[in-house]
Structure formats: C-alpha cells, structure tokens
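Fold and geometry: a report
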Amino acid sequence: MADSRDKLLDKYEAKLYKNRKDHILSLEEEGGTPKIAANTRAVPGVMTARGCCYAGCKGVVVGPLKDVCVITHGPIGCGFYSWGTRRNKARPDEDGKNFVSYCFSTDMQESDIVFGGEKKLEKAIDEAVALFHPKCVMICSTCPIGLIGDDVQAVAKRAEKKHGIKAIGFSCEGYKGVSQSAGHHIANNGLMKDVIGTGDRAPKTKFSVNILGEFNIGGDGWEQERILKRCGIEVVSVLTGDGSYEDLKSAHLASLNIVMCHRSINYIAEMIEEKYGTDWLKVNFIGVQSTCESLREIGKYFGDPDLIARIEEVIADETAAIEDDMEYFRSKLAGRTAAIFSGGSRSHHYQSLLRDLGMETVIAGYEFAHRDDYEGREVIPFIKEDADNKNIETITVTKDPERYHKRQPSSDIETETYGGMMKTMNKGSIIVDDYNHFETDELARRVKPDVFFSGIKDKHSIQKAGVVSKQMHSYDYAGPYAGFKGAVNFGYDLVKSLYTNAWSLVKPPWKNEPMLVGELGTGGESNA
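Residues numbered from 1 in each chain as written. Predicted model: local features only at pLDDT ≥ 70, side-chain atom pairs only at ≥ 80, totals over all residues. Heavy atoms only, no water.

1. Focus: the environment of E442
Our working rule: We count a stretch as a helix when DSSP gives it H or I for four or more residues in a row; a strand needs E for two or more, and each element gets its number in order from the N terminus. We call two residues contacting when some pair of their heavy atoms lies within 4.5 Å.
For E442, the location among the structural elements is in helix α17 (residues 437–447). Here the alpha-carbon distance between E442 and K11, two residues 431 residues apart in the chain, equals 9.8 Å. The contact partners of E442, leaving out residues within four places of it in the chain, are L8 and K11.

2. A short note on the packing of aromatic side chains
For clarity, the cut-off: Here a pair means two rings of Phe, Tyr or Trp (six-membered ring of Trp) with centres within 6.5 Å. Their orientation is stacked below 30 degrees between planes, edge-to-face above 60, and tilted elsewhere. Each residue gets one of three labels from its accessible area relative to the maximum for its type: buried under 20%, exposed over 50%, partly exposed in between, using a 1.4 Å probe on protein chains only. Placement of a positive charge over a ring is assigned whenever Lys NZ or Arg CZ falls within 6 Å of the ring centre and within 35 degrees of the normal to the ring plane.
This model, assessed by the stated rule, comprises 16 aromatic pairs. Aromatic side chains F80 and W83 sit 5.7 Å apart centroid to centroid with 55° between the ring planes, which places their arrangement in the tilted category. Classification of W83 by relative accessible area gives partly exposed; the value is 33%. Between Y475 and Y481 the ring centres are 4.5 Å apart and the planes differ by 35°, which places this aromatic pair in the tilted class. Within the aromatic cluster, the residues linked to one another by ring pairs are Y350, F453, Y475, Y481 and F490. Against the face of W222 rests R91, its NZ or CZ located 3.6 Å from the ring centre. When the ring centre of Y404 is taken as reference, the NZ or CZ atom of K399 above it lies at 4.6 Å.

3. Notes on the sheet that holds strand β7 (residues 234–240)
Rules: When DSSP finds two or more bridges between two strands, those strands count as paired. Simply put, an axis is a line fit to the C-alpha atoms, just over the touching stretch for a helix, and the angle between two N-to-C directions goes from 0 to 180 degrees.
In space, the 4 strands of this open sheet follow the order β7-β6-β8-β9, with parallel pairing throughout. Looking at which strands have only one partner, the edges of the open sheet turn out to be β7 and β9 (280–282). The average angle at which neighbouring strand axes cross in this sheet is 25°, direction not considered. With 3 bridges connecting them, strand β8 (residues 256–259) and β9 associate as parallel partners. If you follow I258 over to β9, its bridge partner there is L281.

4. A few points about helix α8 (residues 152–163)
Put simply, the test is: A helix's residues, less one, multiplied by 1.5 Å, set its expected span. Each C-beta atom gives one direction from the helix axis, and the arc is the one those directions make.
The terminal C-alpha atoms of α8 lie 16 Å apart, and with 12 residues this matches the ideal 16 Å at 1.5 Å per residue to within 8%. Listed in full, the buried residues belonging to α8 are V152, V155, A156 and A159. On an axial view of α8, the arc spanned by its buried residues comes to 100°, and they lie on one face. Exposed residues pointing more than 90 degrees away from the buried face of α8 are listed as K157 and K161.

5. Description of the pattern of salt bridges
For clarity, the cut-off: Salt bridge criterion: a side-chain nitrogen from Lys or Arg within 4 Å of a carboxyl oxygen from Asp or Glu.
By the definition in use, this model includes 42 salt bridges. A salt bridge links E173 to K176; its shortest N-O distance comes to 3.2 Å. Each member of the pair, E173 as well as K176, is classed as buried. Taken together, the shared-partner salt bridges in this structure form one network comprising E223, R226, R230, D317 and E318.

Here it is in structure tokens:
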C-alpha cells in the first residue's frame, strides 16, 4: 500500500507534491495515528470533491428542518444545487407542514447584484410566509451576497417584527473557510444562539436523548429512533434529519446528547454541554456490532438496571431477526476490499458495517475533515488555526445560572470524546484527506478495491472504470442503512451490486479501435 501511495505522489509536479504529501498517508502500524494535513485550502485547479460553505450550512445542517422555510439568498443555481441533492426524508407533523421538498430562492439577477438584493429578499420572505405560514424562516447567503454586502441578519430582524415569527440569517457565503465544514460551524452557531434553549417542552420519560448529526438519509434516523424507543429511550429532537424548529427549541432539556456525525455537529454538542451541562457521547448506529456497543454505552451512562436489561433484550431480539441474512451476506462478501470517502465521521462508521460483513477497508478519507476526525480529539489543543478559518465566527457560551444541570454518569464511561478514524484501521491502509479525481482514479487502478464508496461527483467515473461504486451521500435511492435492519439493506444492495457489475463487462469503443485516424506528414515534398 505504501508503494501505491508513493507512486501516486510521484505523478505530481514539485509544488503539488509538496502540498499533497501530508494529506496522503499509509499507516505503518496497526491502529497508528500519524499526523495528517487537513482542513486546509485545496489547490486551485485540482478537481477536489469538496463542497462550499453554503453547502455545509444549507445543504447539510439547516436544509433538513421540515417546518422551516429555508430561503437561499443568491442565484437560482446555488439554490438548485442544494435542493434534492440529499435524500433527507421527513414526515409532516400534525399540522401537515413539511417544506423539505421545496426549493426557496431569491433568484438574484445581474441588476440585483448591482443595486443590492435586500428588498428582493424581504419580498421573498413576505411571499413565503403568505403561502406557507412557516414557524420559522432561515436565510442562507451564497457568494455574491457577501461580495455586495447585503445584511441578511438585519433583514431577518425586520421580518421577525413584521410577521411575528422567528427569522434567522446565516452569512454562509460559499467562499468562506476551506470547505463545507465552515458552513456546519456557522449553522451550529446560529441554531445555538437563536433556537436551542428557547423552548420549555420537558421530556415525557426518564431517559431522553437528542440525536446530533443525523440527517435521515434514506430513513436512517427513523431506524435509530425505532431502536431507541424499543429500549425505552425518548428522542427529544434530531439535529436535523426529520427535525423541526419546534423540537430544537427544547433540545437543551434532554438528559444526554448522542453524536453521530462528529464534524457537522460537534460544536453544538460542546456548547450545550458548556451552557446547560448536558453530556455528549459519540455513538455509531452504522453496523450491527457498533449499534450494540452504542446502545450499551447509553445504558451504562444512565446506569438504570431495568434500562440496561431492556437494552439487552432488544439487542438479542434484533440480532436474532437478522442473523440468517447477515450470515448469507458474509458468505458472499468475506475477503472483499473497499475504499470509502464519506462525510462527517461516516467513513469511520461504515468500516464497522463492512467488518460485520467480512470486508476490509483499504482506503479511506474525508472531503472536509479536521485533524481530530482522523487522529482523535486529543490533538485539538495542538491544531493551529490558519487565516482561511479565521473568518468563521466563533461564539462563546457561558453557564446558564438557572438551567445548568450537570448529570453525573453512573459509571466511568468516557463522555465528550472521539478517538478518530485511524485508530481502528489496519496496517498498510491508505488515508487520503481532500481527495480529488486524479487520486480517486489512480487509487482505484493501483489498489483495486472491490467497491468504492464515495459521492456523486466521482461515482460515475469510478463505475465506468469497472469498479462497483456506491453513492454514500444519498445512498443511490436506497436505505436506510443504519441499525439492525439497515445492515441487512446494506448487505443486500452490496451483494446485488458486486454480483451484477455490468460496467466491468463493457469496454468503450476506443479501447478496441482508434476513434481518430491520421497520418504523420512532412509538410511538403521530400528533398531527396
């Protein structure tokens, strides 16, 4: 594997080599954690798979909220880019409101860029409120808005007074930060300042949690909620898949936060802990073994014997129901290898599910991770902030004198920690941060994984090279893949893909015969 890394890097000219060598590592020892370069600006001209700050704020974090009209303030192309690109499923609440399937945009034109777009934004809010009567309006800025100086926060305040509803402006222009990670941070700050802590709906049961960083792709969040409710654990809110403004207002009243996607939501987990005293646990509901471990960790945290016994009953029942299916999938998939590039901490999560199926991950990485996502949170004090990240607002929260309540865990369970991806990977595995199209093609050709999990930008080029490609940002219209039933769905889809890989049987015509024919001439008569 180290040889594959070196040969890949040798293809780069000196300047690119210097930049990329610290973003691409080969693990020299089992569970090693070498220092990796991450969260730095991609080299201009390199076909990175990253998204922008706006994509992280609107497309990932606030977009899945079902009772909020999320208005893109910018050209229609930006709004359309973030609409319908992820399968954030949502069910209407009792009032029947669900705006996830809509795309709201101010459709900025050239004249708006020249003369300003605040009035147009105010009209868009008026129209949205008149048509849909939302409980909240959120405004997400794209690149031109920051360049011309429209003040979306001021517009939001005027809208609040005019319509008597909550309105929040997010200055998440695409060029901020180095990737969509900046947008996650901005969205977290806005939700913490203006939503979380403004409600007073107390949990109905003794054991309650928020699921943070679960976006309900293909119904993942619903499967997690089903399992938790079977165990007797109430889900107060989900940030933000199938989530709602109304639920988020009372998120601070839950007994515990459980974090799925570390990178997109760790800021809120930390701020709620700081302000209200609510602990957070890093969990993983992707994979059978990891789901069992996560449920047991939650049980240990609460320390109630009846809850712990109930969790064990649910685990026994759920695993027995899928045992035959999982055994069949292992018989078909054991020994296969995988490459995986997915967001948040899911490149780490899916390795657990692949191990359940007898598969090994040989290449992994993220588009927008920070060093702690790879190496573990213990490196956070040693990460130096660069200029690209200093234009992201960092808010400070203080202990709420009336509502702060620090619950004492019943055991020595570790809270507020995450060990990162590298520690669970095998020796020789290749880790790639901010992967690009060239590296994707080269690694697929040299390492030859049986399946390549990544995003939509590179799915089809991988597929047409004859390698099975699964799109993990939206699950290729499948799922859910979380929990026990999700593991069966995943195994079924993977076996189906690997054993009917039509693209590996197809050869493009230019591989058999030249598409262009020419002659090499001298340009004139011979002097002979």
